[in-house]
Amino acid sequence: MAFGWIDEQAELRRRAGLVRTLRPRPADSPLLDLASNDYLGLAHHPEVTEGAAAAARTWGGGSTGSRLVTGTTELHTELERELADFCGFEAALVFSSGYAANLAAVTTLGPHGSLIVSDALNHASLIDGCRLARGTTQVVGHAAPDAVRKALGTHEGPAVVVCDTVFSVDGDAAPLAALAEACRERGAGLLVDDAHGLGVLGDGGRGAPQAAGLAGADDVVVTVTLSKSLGSQGGAVLGPARVVDHLVNAARTFIFDTGLAPAAAGAALAALRLLRREPERAERARAVAAELHARLTAAGLEAVRPDAAVVSVRAPSPEGAVRWAAACRAAGLAVGCFRPPSVPDGVSRLRLTARADLSGAEIERAVQVIGETRP
Ligand code: PMP
């Protein structure tokens, strides 16, 4: 049978306790949410949902074509201008997802003959970008500027260092200033994925590159997602106009993809304007993460000190992590569960996300449930 071999893989997964299933979320979920990436609690904000609805009314349910044909509306251009301005970069280009933005950035900045230096714990979309790029990829140890320096060595020709700003599994931040210094010593570019930094780190949520003094640098390119702190969907690449023009002409996930849905662009733009007006939301997300960490640690749980909004709690085993997350859910708390093969180091975790709109009582309840359901 043509696809019969899939059954063997399914059986292996089942035996290893690693089967993944989809669980539709009802609109009126009673669960306390520490699993979503809605860091600032904006996905349901009336200004954000109205931004989506108004954009759909004006521009339609879809963008109707690729960005280079009919898929660029004035709304897309406005969003790009405001994103670039907010984060302090010359230009921005919006994509239909952060995943597509990362594929675009890595493949176009790592051409044939180039060297791509990639952190060992980078997000899957950066890894896939490296796989698709024509340049040669060298994976280096996690958050290690000296290893980056060594990898860049005496390479002749274009070189780019690729790194998450905040790592999605443990929530730790990359040493951006030191990485930028290593890049500058060797004339390499720095490409960072600020999916978990935008809206949380930097002044009023302007992101990790701004916090590290790298906003607007002509040798730094940043990718972001609109799907986490901005409560929408989509992605963007920010950087020098020269880079953005190059992407428009060369990035396959830009050229051959339908433009971002107007509703997503409208929601993201509304969220961005809200964040400008209410910069304290970013600080609050960080404070919630710190409080979660402090309470988890006080309860005797092994949690990684968060650098942004992601709080990672060690689980004893992959099965233990699955049982723990299920027990939390049964007790009314939604948490993320990371286990192999999503985690390259084989360490399973509960992954909690701090949200700016969590109350002190909700944080207390979450930690209590996590403590009581510990396997
Ligand atoms: N980069 C990182 C670090 C992420 O965590 C994610 C989302 N899981 C992405 C990129 C992809 O972004 P999007 O969901 O917008 O495709």
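These numbers come from a predicted model, not from an experiment.

Brief notes about the site of the ligand
Surrounding the ligand, one finds 14 residues, the nearest of these being Ser97, Gly98, Tyr99, Ala195 and Thr225. A per-class count over the shell around the ligand returns 2 nonpolar, 10 polar and 2 charged.

Quick word on the sheet that holds strand β4 (residues 136-140)
Pairing in this open sheet of 7 strands is mixed, and the strands run β2-β8-β7-β6-β5-β3-β4 from one edge to the other. The open sheet has two free edges, formed respectively by β2 (91-95) and β4, since each of these has just one partner strand. With strand direction ignored, the average angle separating the axes of adjacent strands in the sheet is 20°. One ladder, built from 4 bridges, connects strand β6 (residues 189-193) with strand β7 (residues 220-225); its direction is parallel. Bridge pairing in β7 links leucine 190 to valine 220. On the sheet, helix α7 (residues 176-186) packs against β5 (159-164), β6 and β7 and is oriented at approximately 155° with respect to β6.

Observations regarding the domain arrangement of the protein chain
As a measure of interface size, the accessible area lost when the parts come together is often cited. Taken as a whole, the protein chain is organised into domain 1 (25-44 + 279-372) and domain 2 (46-277). Taking only C-alpha atoms into account, the centre of domain 1 sits 25 Å from that of domain 2. Facing 24 residues of domain 1, the contacting portion of domain 2 comprises 26 residues. Of all elements in the fold, only α12 (280-298) and β9 (310-314) reach the threshold of two or more residues within the side of domain 1 that touches domain 2. Per element, the largest residue contribution to the side of domain 1 that touches domain 2 is 4 residues, and it comes from α12. Residue composition of the side of domain 1 that touches domain 2, by class: 16 nonpolar, 3 polar and 5 charged.

Regarding the packing of helix α2 (residues 46-59) against helix α11 (residues 262-277)
Contact geometry for α2 and α11: axes closest at 7 Å, N-to-C directions at 145°. In this structure, α2 meets α11 at a crossing whose hand is right-handed. Across from Glu47, Val48, Glu50, Gly51, Ala52, Ala54, Ala55, Ala56 and Trp59 in α2, the residues of α11 making contact are Pro262, Ala263, Ala265, Gly266, Ala267, Leu269, Ala270, Ala271 and Leu274. Here the contact of α2 with α11 is built from residues that sort into 14 nonpolar, 2 polar and 2 charged.

Observations regarding helix α14 (residues 360-372)
The first and last C-alpha atoms of α14 sit 18 Å apart over 13 residues, in line with the 18 Å expected at 1.5 Å per residue. Buried within α14 we find Ile363, Ala366, Val367, Val369 and Ile370. For α14, the arc enclosing every buried residue in end-on projection is 160°, short of the 170-degree limit, so these residues lie on one face. Of the exposed residues in α14, those oriented more than 90 degrees away from the buried face are Gly360, Ala361 and Glu372. Looking at the buried side of α14, the elements it contacts are β1 (32-34), α12, β9, α13 (318-330), β10 (333-338) and β11 (349-353).

As for the nonpolar core
Core analysis: the largest hydrophobic core is formed by 125 residues, its most contacted members being Val161, Ala236 and Val237. Top contributing element to this core by residue count: α11, with 10 residues. There are two domains that each give this core at least three residues, and those are domain 1 (25-44 + 279-372) and domain 2 (46-277). Look past the residues within four positions of valine 161 in its chain and what remains in contact with it is Val117, Val148, Leu179, Cys183, Ala188, Leu190 and Leu191.

Some thoughts on the confidence of the model for the protein chain
Overall, the prediction assigns the protein chain a mean pLDDT of 96, with 100% of residues at 70 or greater. Confidence estimates for the predicted assembly give a pTM of 0.97 and an ipTM of 0.99.

Some remarks on the environment of leucine 272
Here leucine 272 lies in helix α11. Residue leucine 272 is classed as buried on the basis of its 26 C-beta neighbours within 10 Å. Spatially, the C-alpha atom of leucine 272 lies 9.2 Å from that of valine 48, the residues being 224 residues apart in sequence.

Thoughts on unusual backbone geometry
The amide bond that connects proline 340 to the next residue, proline 341, takes the cis arrangement and shows omega of 5°. Its place among the elements puts proline 341 in the loop between β10 and β11. Its identity is not glycine, yet threonine 64 carries a phi of approximately 75°, on the positive side. Following the sequence through the fold, threonine 64 ends up in the loop between α2 and α3 (74-87).

Considerations on the packing of helix α6 (residues 145-152) against α7
Where α6 meets α7, the axes come as close as 9 Å, and the angle between the chain directions of the two elements is 20°. As far as their axial angle goes, α7 and α6 are roughly parallel. α7 is crossed by α6, and the crossing has right-handed handedness. Listed contacts from α7 to Pro145, Val148, Arg149 and Leu152 of α6 are Ala178, Leu179, Ala182, Glu185 and Arg186.

Analysis parameters
- Residues numbered from 1 in each chain as written.
- Predicted model: local features only at pLDDT ≥ 70, side-chain atom pairs only at ≥ 80, totals over all residues.
- Near = placed C-beta within 6 Å.
- Nonpolar A, V, L, I, M, F, W, Y, C, P; charged D, E, K, R; others polar.
- Pairing = 2+ DSSP bridges.
- Helix = DSSP H or I, 4+ residues; strand = E, 2+ residues; numbered from the N terminus.
- Axes fitted to C-alpha atoms, helices over the stretch in contact; angles between N-to-C directions.
- Contact = placed C-beta atoms within 7 Å.
- Domains from an automatic or database assignment.
- Left-handed = near helix turned anticlockwise from the far one by under 90°.
- Expected span 1.5 Å × (residues − 1).
- Buried ≥ 20, exposed ≤ 12 C-beta atoms within 10 Å, placed from the backbone.
- Arc of directions from axis to C-beta.
- Core = buried A, V, L, I, M, F, W, Y, C linked by C-beta atoms within 7 Å.
- pLDDT = per-residue confidence, 0-100.
- Parallel < 35°, antiparallel > 145°, perpendicular 65-115°, else oblique.

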